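These are the residues of each chain, in order.
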Amino acid sequence: KQEVTQIPAALSVPEGENLVLNCSFTDSAIYNLQWFRQDPGKGLTSLLLIQSSQREQTSGRLNASLDKSSGRSTLYIAASQPGDSATYLCAVPMEYGNKLVFGAGTILRVKS
Amino acid sequence: NAGVTQTPKFRILKIGQSMTLQCTQDMNHNYMYWYRQDPGMGLKLIYYSVGAGITDKGEVPNGYNVSRSTTEDFPLRLELAAPSQTSVYFCASSLPAPYEQFFGPGTRLTVL
């Protein structure tokens, strides 16, 4: 059964710092991995989707890497801003590409 | 495009009452999903559908029912509400491959 773990559970950093969020999964035979952002009381916004054949994806200040063999992904946020404060969730499919299994998330606070 | 829309935003039910959570998407996505999110936890899949007329159970389907009569709509039915169903419910949709999922804003349900 696929299980997803995110470390740390919470993170507080001063504005401008570069930071790394970690995601690990138990079954390495994944189709893809998706990173989401969730603001308090809101829905999820898709940030990055990495296909199993890719090693990383970039969008602006965000870079996500994927190491299937070790069952790990990292989300790197460069030059953090207070507007980056949110919960970040990673998810992998139970099978094929759909039916996502989510981690519990990392709550990020960027202090100005 | 409105994307994925959900109604209502909030609802309080009494134990044993029934209700339907509505979900509509205007992106012509074949796949649709219902998840629930409990405090401090990741999302768990309740039901999903790969097209009109086709639905299947996810991780936590007990106490819920779904139907998919059109591509756009995927309502979730609670027949006999229980306090354990107090949660935030999210609807999502995707195309087949790469299966990137897009989420609605959620419905916050309290059962007292």
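Residues numbered from 1 in each chain as written. Chains lettered and ligands numbered in written order. Predicted model: local features only at pLDDT ≥ 70, side-chain atom pairs only at ≥ 80, totals over all residues. Heavy atoms only, no water.

Enquirer: Report on the environment of B:Phe74, specifying residues and quantitative values.
Expert: All names here are of chain B. With respect to the secondary-structure elements, Phe74 resides in the loop between β7 (64-66) and β8 (76-78). For Phe74, a relative accessible area of 0% gives the class buried. The spacing of Phe74 and Tyr31 is 43 residues in sequence and 9.8 Å in space, taken between C-alpha atoms. (Helix = DSSP H or I, 4+ residues; strand = E, 2+ residues; numbered from the N terminus. Buried < 20%, exposed > 50% of the residue type's maximum accessible area, 1.4 Å probe, protein only.)

Enquirer: Tell me about the pattern of salt bridges, and please be specific about residues and values.
Expert: Per the counting criterion, the structure on display carries 4 salt bridges over all chains. With a closest N to O distance of 2.8 Å, A:Arg61 and A:Asp84 form a salt bridge. You can see A:Arg61 sitting in the loop between β6 (56-59) and β7 (62-67) and its partner A:Asp84 sitting in the loop between β8 (72-77) and β9 (86-95), a full 23 residues away along the chain. Note that B:Arg36 is salt-bridged to B:Asp38, the shortest N-O span being 2.9 Å. The partly exposed category is assigned to B:Asp38, whose relative accessible area is 26%. (Salt bridge = Lys/Arg side-chain N within 4 Å of Asp/Glu carboxyl O.)

Enquirer: Lay out the nonpolar core with the relevant residues and their values.
Expert: Counting 23 residues, the largest nonpolar core has A:Leu33, A:Trp35 and A:Leu75 as its most contacted members. Core analysis: the next-biggest nonpolar cluster, separate from the first, contains 19 residues, B:Leu13, B:Met32, B:Ala81 and B:Cys91 among them. (Core = buried A, V, L, I, M, F, W, Y, C linked by side-chain atoms within 4.5 Å.)

Enquirer: Can you explain the packing of aromatic side chains? Please cite residues and give values.
Expert: Within a pair of aromatic rings, the relevant descriptors are the distance that separates the centres and the angle that separates the planes. Here the structure, examined in full by the defined rule, presents 9 aromatic pairs over all chains. Note on A:Phe36 and A:Phe102: the rings are 5.6 Å apart at their centroids and 35° apart in plane angle, and the pair reads as tilted. You can see A:Phe36 sitting in strand β4 (residues 32-38) and its partner A:Phe102 sitting in strand β10 (residues 98-102), a full 66 residues away along the chain. Exposure class is identical for A:Phe36 and A:Phe102. Each is buried. Members of the aromatic cluster, joined through ring pairs, are A:Phe36, A:Phe102, B:Tyr33, B:Tyr35 and B:Phe103. (Phe/Tyr/Trp six-rings, centres within 6.5 Å; stacked < 30°, edge-to-face > 60°.)

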